[in-house]
Every structure is written in C-alpha cells, then in structure tokens.
Amino acid sequence: MKTSGLFKGVAAAILISWAGTAGAFTMTPTPGIAEGLPPTSERAPVDPLVTNMTEIGRTTGKQGGELRTLVGRTKDARLINVWGYARLVGYTEDLELRPDILKDVQVEEGRIFTLTLRRGHKWSDGHPFTSEDFRFWFEDVLTNDALNPWGMPSFLLVDGQPPRFEVIDEITVRYTWDKPNPLFLPELAKSRPPFIYRPAHYLKQFHENYGDPQVIEDMTATYKVRSWAPLFNKLDDMYNARNSELPSLQPWVLTEEGDDRRIVFTRNPYFHRFDSEGQQLPYINRVVMTVADGKLIPAKTQAGESDLQARNLSFSDISVLKRGEASEGYKTNLWLSTKGSQVALLPNLAVKDPVWRKLNQDVRFRHALSLGIDRNMINKVLYFGLAHPSNDTVLEMSPLYKDDYAKDWAAFDPEKANALLDEIGLVERRNDGTRLLPDGRPLEIIIESSGESRAQDDAIELVAETWKELGIRAFLKPSQRDTIRNRAMSGDLVMAVWSGFENGVPTADMPPVDYAPTRGDFLSWAPWGDYYETDGQSGEKPDWAPANRLMELYDAWLASSTKEERAQIWHEMLQIHADETIHIGLVNQVRQPVVVKGLSNVPETGIYGWDPGSHFGIHRMDAFFFTEQD
Amino acid sequence: MSRHLPPSDREPDHYVNPEPFDPTATEKLTPEQERFYQASQWKIMWWKFRRHKLAVWSGVVLILFYLCVPFAEIIAPYTPNERNNDYLYAPPQTLHLFHDGQFIGPFVYGFTSEVDLETLRWVYKEDPDQVQPLRFFCSGSTYRFWGLWEMDFRLVCAAEGGSMFLAGTDRLGRDQLSGLIYGARLSLTVGIVGIVISMFLGILLGGLAGYFGGIIDSMIQRLIEIMRALPELPLWMALSAALPVTWSPVWIYFGLTIILGLLDWPGLARAVRSKLLSLREEEYARAAVMMGARPRRIIFKHLLPGFTSHLIASASLSIPAMILGETALSFLNLGLRRPSVSWGVLLNEAQNISVVTIYPWLMAPVIPIIIVVLAFNFLGDGLRDAADPYK
Amino acid sequence: MLYYTVRRLLTMIPTLLVISLLTFFIIELPEGDYISNQIAVLKSSGESASVAKLEFLRQEFALDRPFFERFAIWVGLWPGPHGFDGLLQGNWGWSFEYDKPVYEVVGPTLPLTIVLNAATILFVYLVSFPIGIYSATRQYSWGDYGFTFLGYVGLATPNFLLGLVLMYLANAWFDLSIGGLMDPEYIGEPWSVDKALSVLSHLIVPTIVIGTSGTAAMIRRLRANLLDELHKQYVTTARAKGMKERALLVKYPLRMALNPFIADIGNLIPSLVSGSVIVSVVLNLPTVGPVLLNALQSQDQFLAAFILLFVSVLTLVGMLVSDLLLAVLDPRIRLGGGSRS
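Residues numbered from 1 in each chain as written. Chains lettered and ligands numbered in written order. Predicted model: local features only at pLDDT ≥ 70, side-chain atom pairs only at ≥ 80, totals over all residues. Heavy atoms only, no water.

**Quick look at the overall build of chain A**
What chain A contains, in helices and strands, is 20 helices and 25 strands. Relative to the compact-globule value of 25 Å for 630 residues, chain A shows a C-alpha radius of gyration of 26 Å, a close match. Here the C-alpha coordinates of chain A stretch approximately 85 × 60 × 55 Å along the principal axes. Burial status across chain A gives 62% buried among its 630 residues. Long-range pairs, those at least 24 residues apart, make up 72% of the contacts in chain A between residues at least 6 apart in sequence. A total accessible area of about 23100 Å² is found for chain A, and carbon and sulfur atoms account for 49% of it. Taking the 69 positively charged and 90 negatively charged side chains of chain A as two groups, their mean positions are separated by 2 Å. (Helix = DSSP H or I, 4+ residues; strand = E, 2+ residues; numbered from the N terminus. Rg over C-alpha atoms; globule rule 2.2 N^0.38 Å. Buried < 20%, exposed > 50% of the residue type's maximum accessible area, 1.4 Å probe, protein only. Contact = heavy atoms within 4.5 Å. Areas by Shrake-Rupley, 256 points an atom, 1.4 Å probe, with all protein chains shown as cover. Lys, Arg positive; Asp, Glu negative; His and termini not counted. Charge placed at Lys NZ, Arg CZ, Asp CG, Glu CD.)

Following this line, the structure appears as structure tokens:
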C-alpha cells in the first residue's frame, strides 16, 4: 500500500513535540468554566494539539478575560465559528494545511482519505467525539431524503460519484473515491466548512429514525415548524451559532445569556488545543458581541468600545481610528487584504450585444482599457499611496506569484492605448472626441456597481477621467447585486465594477475556481459558468478560446494528484489572465485596520481575508490574550 | 318722564352738532382708506405681507438662493465634479483683504499638502508668501451652460494656478462651495414637482368630498384614513426599492418625489374638505346654487378663491419638508448619487460623524439647508397671516 | 357616543383589509424575494452547499403561489401548505432573516418603541405648551421670536445629522457610550437603578432629536389657536368685567387651544415612527424602526408587512381615541351627526 505523506510528517512533528515536552507538560486547571466539571486532564483528549507559542512567534499567555467586539447584524454571531477556526484540517498562518481537530489524515493516491480523531476528544457538553458522529452525518443526515433532498454537495462528488464511507474503528473513518478528489481537504478547511460530523448523541433525539416520536411532536409544536425535518435542520446548525444547546468543537460556544443585541460566548471546557505550559486554550474566557449599526461601528471603536475589531472597519476609517489611539488606549494594526484586487473592472465577455461582445472579447480593447488607467493616481487619491497598483491576480505572498502577473499591461500609457484602439478600427470620433463604435454609437461604457462600496464608485470616477483621453466615456450606474447578476446572466451587462479575486493568496493545492468560468455568478462570463455548473442544461457554451482553455485547466486540476501538477496548472491559468487581462484590476494589498485594545499575540501585520484566512482564524484567535487583567 | 330732560333754559353740557341732519351725506374717506377698500384681495394680501418684515426678508433670501438654479454655472467657481488631486480634504481657505498691512482686495493664501503617514491624513500648510487674489468676471474651466453652450465665463475664479476652496474640498478634491451652488438646482426644484402633484390631488379629492358629501365623501374619507395610517418613510423606502434600477439617479429621485406627492395629499385634502364644507354654507354660495350654477363653476369660481391663499401658504410650508426628506433619503442611500449633486448628496459625506470631527467643513451643506428651510417657514407664516381676512 | 364608537370600529374592518392588501402589495413590489436574494449571496461567497436548504423554504411558505393566493394565505383567508394559518388564526408570520416567528422579533422591540414615542410626545407637549402660551400672550416680544426661531432651527436641521452631532457630543462630554439604549455592560442584565439611569441618559438624545421636528409645528399651532381665541368677544367681555388676566387665560381660551394637542395624538404615531426610523438607525436604538428598515431592505416580507400593518392599526386606534377625546372635551363637536343638516 503506497502512502502519500501529505500529513505524515506534520503529524509526526506534533507527536515529537508532544513527547519532547511530556516531562514538563502538566495540564493546569482552567479558570472561568462551570463548576463541577472534571479536572483539565480528564476533559482534554489524550493527545491534545499542543502549540509552543514561541515557536509560532507568539508568547505564552494568561487565561481569562472577556473580549468585547462589535458586529453589524445579529446574524454575524456565526463569525465566532469563523474566528475560532477549529477545523478537521485547517490552514496555518503560512497557508499550509495541517490536521487540527483530527490527529492525522492519511491520503493515498489522492483518492483514499483516512481520518483519525484524537482519542478522548469530547464535545463541548462532555460527550465523546467519535467516528459515530461522522457516520451519523453521512448515513442519517446527508443521505436522508427528508433532511437533504438535494443530493451530495459537489466536493463529495468525483465524476458524479459519491465516496464510499467506512468506519474503521472508534476514532478512524475513511472516504474512498475511484479517482483523486483534490477538493476534499481544502473544503474542510474553509471558513464556512461543510461540517461532515455532527453531535449524534444530541441530534438523534430529533431524528425520525432514533428519537421519541412524542418528544419530536412536542418540539415541532414549540418551534412552530411542520415536521421533524425542518425541526432537525433548525436545531442542527453547526455554523450559525444559534442553538446554544448544540454541542460544538469550537473554542467558544454560545451561551443562553444575552439576546439579539448582545451575544455572549464562553470558552469550550473540552477544547482540544493547549499551549506548551499546559494551559488550555483559548486564553480568553468570554467573547461578547454587541450588535450595532454598521455605520456606527467605526465611531464606537474609536470611543474604545471594542477590544478587537476589523469587521465593518475599512481603509477610509484609518485616519479616524488613528486619532482615537492615544485617548482610548488601543492600537490600529494595518493588515493586508487578500483580495486579488480591491477594485476590478469586469468586461462582460458574454454580453449579448454583438458589437460589444466583439469588442469586449478583443484582447487589444481590454489592453487599451487597462493601459488607460493611471493606477498610481488612484492609489494616491484613494489609499494615500499605500496600496499596490496591480492587475487582478495573486499577491506577492502567494507562492504562485510572478511579477509579470501583476505588471503586464498595467502601466499608464495612454499613447499605446490610443494606438491599440486605432488598430481595432475605432477611428471615427464624435465632435467632442469620443470614439464611435463600428455601428455609429458613441463608445460610452456603462459600468454597473453594487452601490455598496464608496471606494469602488470613487475609483470609477478616477478611471473615467483618464479614459476620456482615450476617447472613451465611462458612466457609473449604481445598482444592486442581484440585479447585476441577473443582467450578467441575461447578457445585458456590458461592464461591472466589483472586487477582484476573493482568494489572492492561493497555494497550488487550493482550487482555482475563481479563475475559470465555473459559476453562474461570475460577472465576466455568467452564462458560460452557468453552462458548466448545470452540465450544459442552461447557459451557453463558451465561444472564446481562452475561456475554453481555462475550463480545461480547471478540469485538469480537479483530476490532478500531485502538487507539482497543480502548480503547473495554476501558472498556466494565471498567465492566461495576465496575457488576456480578463479582469482589469486597479490596486491590491489595501490595508485593513484591525483595532486591538489590551490584547497580546495579535500580529502587527497579517493577511485579512475570508477564504483562506477566516479573518482572525488562521492567526490563532484562541492564542490572543489580555495583557492587563483586572 | 320730564324730569329726565335737562332743563330747557340750560345749555346741554356736551357737544351737539349745530348742523341739521342730512340723511344723504356719506362719510368722506381718506385717500388711503379709499385705496384699501377698493383694492383687490391680492393687493391687500401684498400690503399685509409687506408689514411682516421677517417674511419679506425670507422672500429675498429665497430669491437669492433660487438665482443659483439658472445661473449655477456662472456663480460657482468650479464645476461640481471637477477634481483636484493635490487638494484632497482641503480645509476652507479664508478670504483676506490685507496682506502685510496693504490692501489687495479679496485674496487667499496658497497652501500645500502632504500625507502624514503617522496619522494617515492629509495635512495642509498655508504659505503666507503666496498671495492669490481672486479674479472677477473671469474665465475658468469650460462648462456647458444649461448643457447647451460651451462657455468659460464666471463671476469669480481662483488666481491663475491658484486655488479657491472657500468651503473646503471633499475626499476626491471636489470644491464644496461649487457643489452647494450646483446642488441648489436639484434640491430647490425637484421637490416642487411632488408638491404640485399633492396639491392637485388634495384639491381634487378634498373638493369632491367637501362639495358632494354623501357616499363620495365617506369613500374619500376612508381613503384619507388609509393613507394617513401608513408611515411615510418605510412606504417611501419600499416604493423606491420597486423603481427600476436601470433608471438614472435623477429619474429615480424624480420618481420618488412623485411617489411622495402621491402619498402626501391627505392632509391638504382634509383641509380643503373642511373649508369647502363651511364655505358651502355661506350665503353667496347658496345664492349661486339657487341661481342654477353648475358644481364646477361654483367650486372654481366661488369657493376655491376663498382659500387659495391658504393653499399657497401650505405649499410654502411643504417645500422644506421635501428638502429635508431628500437629505434623509440620501442618508439611507436611497436618494440621489454622484455625479448628480444635491445638498443631500453633499451632506451624505457627513454621515460618518468621526470623519466630521477631522474634517468639520464636510458639514457645510447643513447651513444652506437650515437657511432655506427657515426662510420657507417664515415666508409661509407671513403668507398665511397675510391671507387671513380676519386680521 | 356608544353608537358612534361602534360604528367607527366597524368601518375600521374594511379599512384594515385594504391597508393589509396595500402593505402586502408594496412589500412585494421589488423584484425577487428574500430567498432568491439569499441564494445569490450564498453563491457569491462560495457557499453553494447551503443553497438547497433555502429552496425548501420557498415551498414551505408558499412563495411560489400567485399574489392574491399568497396574500390570502398570509391573512388566513385561504389554506396554505399547512391549512388555514395566517394573521386571523394568530400566526403573525415568519421572519426569514432572524429565522424566528415574527412576534419573537417584534416583541422585544415594542416596549422601547412605546417608551421612546411616549417620551417624545411628552417632550413635544412639555416644551411646546409653555412656549406656545408665552408666545401667544406676549406676541412679537423678543421671547416670542427667540423661542419660535429655536423651534424652527430644530425643525430645519436634518434629524440624522442632529442625532449624530448630539450623540458625538454626549460621548465626548458625558462619556455616554455611542448609540444604543444603554451602556453595553447592562444589556441582558437584570433591571437595577444603574441600568434604568443608563437607559434614561441614552433616551435624552433621541427624544430631543425626534421631538424637535414636532415641537416647532406644535408651538405654531398652539400660538395661532390661542391668539384666535384671545381676540374673541367673550375674552374682551370677561376682561372688561375685571377678570384677572391669568384666570382669563386659563378658564376658556386655553381649553379651546388645547384641541390640536388631542387631535394630534393619532397623527403623531405614524410621523413618529417615520421620524424614529432614521434616528433609531443613527443612534442604534433597538426600536421597531431599524428592524423594519432591515426587513424592507432584505425583503424579509412577512416581518416588514406585519410591522407596517401593526403601525397602521396603532394609527387608526390613535385617530379614534383622539376623536373620542375631542368629543368629551369640546362640547361643540357633535359626533355622528356629520356636517349635513
């Protein structure tokens, strides 16, 4: 049996460090937990995840304290499960996949995944976490027609085939596909993971096959739902943090305290991570989220009402935040946004209008548009010159980065741009200098925006100014997300302004899903993405060679089994994007303010992103601690 | 009886006109009185209005503001969306007259900007050697007057190569003063459309209800009740969300004012109805009915003039509500947007209060709003007093 | 009187039906529904896995039916997927955004909404009553001009801006937490004196802000009414007979001039709700306003429709109450007879 050692080395390293410190490692009591719980050593797994804080560049902290933070909506309670970031496998700060809740993952031929749990690991209510919880999800939730009539999610399907699921023993399960499934592990590490395990002991009481019918009926009446399935789905919500009774594996769990305006989380006394001094993580005892209107959050943060805040703060708030630092005793750290581009123009390559379609698909036209943008000026006006003028592509910290990807066709060169436009044949001009389309219409581009981001709207104004020199008129049309998506799908959209690639820091192991027409909500090529998503049932087949090539590459990535293979695919895709300027990116690496008050172990600089990143998740929020405690 | 009479031999102790009584004589009117009694209703209103000093001055102020509407291009030193990359968030420049004790005429000192990387904001330094006298009746950057003619004539411009930001600039370096002048165009006019609609509906429905009574009256009464029961702002929001997003912002706003007009009539309709009810009972109206005048004629010829003045006053009081409504909508991101400029759009910059503490001049739009709303209110008060025949 | 009350209550039924139809229609005007919006959001954040769950809701809540059927199901005049289950049956609907029954969402916000509105009405009355009397009895004095001017400035400043500025100053000078109903540490805590004080101090700013816009109008009306009364014959007669000025004022004219205060109770409710939406958003107050705003924006239709309907009912009741009160207080008003003779 050939074993590819994707995680072997890592798991061994953890075991060694565990063994190495075993002499000094005694678990200390955890403050701030409910009384009457067993001692720490009985709550912890036999082999917990031990982190030597100095080895990851942090300091050993002190337990305790209550962290106040602000969120814009009650729904944002779910962020606790993003920030906590306890995943079966998760990314480190360097974006490497490591087992976390799992003790070990063995991958054979890229298609056989053997997951090993930590012996003695317990749910937040003290009940053991075992392979039964995986079985329960796979056999009783996922494949139950009443609970999930929609079939398997795509990350579990390879060529349309579901995996074979086996329980090996109490702490080992195995998923087997016939072909490699490179989507599986990255999916488990997402900020919103699929939770392929569920607290069976709790949920079984509401399940048709296990629970007491009388109890279920009473519960459906109390919750005003119509049958056991909606009741189950309502209570079984591992992500949204709405059911305080639902056992969890995350560092903080929802309490019954508080209400819709104030959400209180307390530490999970059975959490599986420890520091090397034997202190159970997380350091912080309680997290309190206060719901405030998004517009007020910068002002409230500036008034010192938050201990850790990044949500609802943006670059334009930095001057304000800096001003409050001295009087309120907080610090404004500037992290980097991981988006491929903060603002990107997306010409619709699948636009219905034949004239525009021909033009948008003409690489010279896109090059001219890109060359006609003064990215340095935009950087100066909107970002004090602190961002990076760049195409919409991977950032410097990504191992896939190459200079050309960021710089090709991104310099301000109106002369060359004009020459390119002339070359296309757009030589006729209206009396005010605006070029005319081949059919006599003026070259006026309506750029539609979601209307949610002022920076985007401002950027378009700056772009329009320099495009005027090319004889191109651009108009901003603030609209709404859904409307723009629908217009993209129907082919009415000519160009949109949006943020660039969500993941600007990919490694080769992350799926290049954004970079090919794989989904119906990508504005550059919505109908093509729809075609792919629905296997040709709807949408339209791409009629543009680079899109077809990107599709082939994406499919190749899905079938790949080695890292080298994937890196090669990634580079070819990025090169296509750089050559074709499919997205016209403006600037990236924009600073994200992170306000920190009295906390240690919060990095001064870091990347701030959703996936990968989970906001504070990969920066180990469980290791943040209060320096001064009262 | 007789003992009550004064004794005949004594002169009466009060004055008695010795002239004999002439039943055909009329009292002589002074020329002023004559003018007053013969003046038309409107003339009397005007005289009474003139006595209301505050209202008159408000009227003058409003006329000045309304001058910005047709002549914004000429009055404003810049065009509203003209940006200046070197002056982002520039503070207002003060006007000076004397430099080094010497009279120069209105001028500003030039200033330079740099980023303070510590606090991440723009810092401006005034250069006391750089005297930039303003130019009058000058040519600045070109604009299209009323969107038709290319011109560059202005009342006042910055010195050549200099700047003139008397109310500061915003985050993209756009002059606030020019924004305010151009903003008057939309803020002061578009709301009037809504008022016209609501007045039309109010008079029509209130008139029908008041004149005919019976079934029509009670139906319209129910309608009024329904309209008044719905809170305005949420309704406005819901309706504005229903307007097609492909419309341009100005059209959307135009649509909103029409919606507002459609929602705003019940108050007026009630007033019209009750006025009509009482006027209908007046003798002259009854006389008209008996002489066989048709309802249309009675309403428009006899009854309506009785409260036209009331209508004017109530209209002048609803305009400020429209102006304030526009700023509220902009705050909720439902109103106008750049590149359209209105006071609400400008004030939208001030909605982050902490930003305002760093750049206080972003609050400037609130000044004309307050002035205009006040002026309309005083004017309305004056008009109402003047229109009241019993004072 | 009784007859009149009953008749008014009966006419409210068709009125309510029309209002509910109207609100439902307006809410449904924008394209799409909550579920289609959520699906788009989930897709764009790469969470397609959760989309399926939402599709389920569409059938569950009969969103796939035609308009009138949906309306009838909502009101409870027509059987939905689970039989008759609408407003008439006591089911106030379901909020998608909160994933809770509507009454659980609206319920907690009601006490504060009522307290805030009551405080505002009280503020308007307390401020405008003395000022109105002062201005009328000392017409054209400096005090008259001064107060009137202040009232107008309050009216002329956009509410949201006034709210922001006052909130900022309250934080800077009195260290009041920015926005909210109380300092954060009291949220969810049991009631205590400190908590009540914290709530009271946070109510000052919104009360003033919402109140100022109503105060100016009220002062103006009171002043005008009182002036009218003071110029009437009976006042002159009473004065000629040597009645003291104070008694003269209080005995009759003031009672007449009070009418607008009572007549306005019904009117105040919708305008205060409208006014308090923006102020509540600005000041982050957990009243029903921001909930309504969010519900409208996210097309959480049953929640939005219910709140609109609820406010409408309140207004109708308010109008009825003020009409009845007027009849009790002012003998000149006859009920039921109408204006026709």
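**A word on the UniProt feature "transmembrane region" (unreviewed entry) in chain B**
Residue and element names in this part refer to chain B. In this structure's numbering, the residues bearing the UniProt feature "transmembrane region" (unreviewed entry) are residues 54-78, 188-214, 226-245, 303-324 and 358-379. Secondary structure content for residues 54-78 is 88% helix and 0% strand, and the end C-alpha separation is 33 Å. Helix makes up 68% of residues 358-379 and strand 0%, whereas the separation of the span's terminal C-alpha atoms amounts to 36 Å. (UniProt positions renumbered as here; feature names shortened; annotations may be inferred.)

**Here's the deal with the side chain of T332 of chain A**
Residues and elements named next belong to chain A. Along the chain, T332 falls in strand β14 (residues 331-337). Here T332 falls in the buried class, since its relative accessible area comes to 4%. Those residues in contact with T332, other than ones at most four positions away along the chain, are L321, K322, E325, P593, V594 and V595.

**Overview of the domain arrangement of chain A**
Residues and elements named next belong to chain A. Once the domains are mapped, chain A shows domain 1 (10-267) and domain 2 (344-588). Inter-centroid distance (C-alpha atoms) of domain 1 to domain 2 is 38 Å. Summed over the three residues of domain 1 that lose the most area to domain 2, namely L95, P182 and L183, the buried surface amounts to 60% of that side. Applying the counting rule to domain 1 against domain 2 returns zero salt bridges. (Domains from an automatic or database assignment. Buried area = accessible area lost by both parts, 1.4 Å probe. Salt bridge = Lys/Arg side-chain N within 4 Å of Asp/Glu carboxyl O.)

**Observations concerning the sheet that holds strand β18 (residues 473-478) of chain A**
All names here are of chain A. Strand order across the open sheet formed by five strands is β18-β17-β19-β15-β20, with mixed pairing between neighbours. For this open sheet the edge positions go to β18 and β20 (584-585), each flanked by a neighbour on one side alone. Two elements, strand β17 (residues 444-449) and β18, share six bridges in a ladder whose sense is parallel. Bridge assignment links E444 to a residue of β18, and that residue is R473. (Pairing = 2+ DSSP bridges.)

**Considerations on the UniProt feature "domain: Solute-binding protein family" (unreviewed entry) in chain A**
When the UniProt feature table is mapped onto this chain numbering, "domain: Solute-binding protein family" (unreviewed entry) sits at residues 97-503 of chain A. Annotation note: span residues 97-503 of chain A, helix share 30%, strand share 20%, distance between end C-alpha atoms 16 Å.

**Some remarks on helix α16 (residues 454-467) of chain A**
All names here are of chain A. Its 14 residues place the ends of α16 20 Å apart at the C-alpha level, agreeing with the 20 Å of an ideal helix rising 1.5 Å per residue. Within the sequence span of α16, burial applies to Q456, D457, D458, A459, I460, L462, V463, A464, T466 and W467. Residues of α16 that are buried sit in contact with β15 (344-347), α12 (363-371), α13 (375-383), β17, β18 and β19 (495-498). At the N-terminal boundary of α16, the capping side chain belongs to S453, with an oxygen 3.4 Å from the backbone nitrogen of A455. (Expected span 1.5 Å × (residues − 1). Polar contact = N/O pair within 3.5 Å; in protein donor to acceptor, adjacent residues only side chain to side chain.)

**Let's talk about the nonpolar core**
If you look at the biggest cluster of nonpolar residues, it comprises 148 residues, and the most contacted ones within it are W343 of chain B together with W74 and L303 of chain C. The dominant element in this core, judged by the number of residues it contributes, is helix α13 (residues 366-387) of chain B, at twelve residues. Beyond its immediate stretch of four places on either side in the chain, W343 of chain B contacts F65, L180, G183, A184, S187, L188, E326, P365, P368, I369 and V372 of chain B. (Core = buried A, V, L, I, M, F, W, Y, C linked by side-chain atoms within 4.5 Å.)

**Focus on the sheet that holds strand β22 (residues 591-596) of chain A**
Each strand in a sheet pairs with another by means of backbone hydrogen bonds, the pair being arranged parallel or else antiparallel. Residues and elements named next belong to chain A. One open sheet accounts for four strands, arranged β13-β22-β14-β24; its pairing is mixed. Edge positions in the sheet fall to β13 (308-309) and β24 (607-608), since each has one partner strand and no second. Looking at chain direction, β13 and β22 are connected through two bridges and run antiparallel. Residue pairing for β22: Q309 is matched across the bridge by V595. Against the sheet, helix α10 (residues 318-328) touches β14 and β22, its axis set at about 155° to β14. (Axes fitted to C-alpha atoms, helices over the stretch in contact; angles between N-to-C directions.)

**A word on the interface of chain C and chain B**
Facing the 44 residues of chain C at the interface are 43 residues of chain B. There are zero salt bridges connecting chain C and chain B. The tally of links from chain C across to chain B stands at zero residue pairs in polar contact (both at pLDDT 80 or more). For the side of chain C that touches chain B, the elements supplying multiple residues, two or more each, are α1 (2-28), α7 (142-156), α8 (159-174), α9 (193-230), α13 (259-283), α14 (288-297) and α15 (301-329) of chain C.

**Focus on the pairing of strand β8 (residues 172-176) of chain A**
Residue and element names in this part refer to chain A. With four of five residues buried, β8 lies mostly within the body of the structure. Bridging between strand β7 (residues 164-169) and β8 involves five bridges; their strand directions are antiparallel. When the sheet's bridge partners are listed, V167 is paired in β8 with V173. Remark: two residues form the turn of the hairpin made by β7 and β8, two consecutive strands paired antiparallel.

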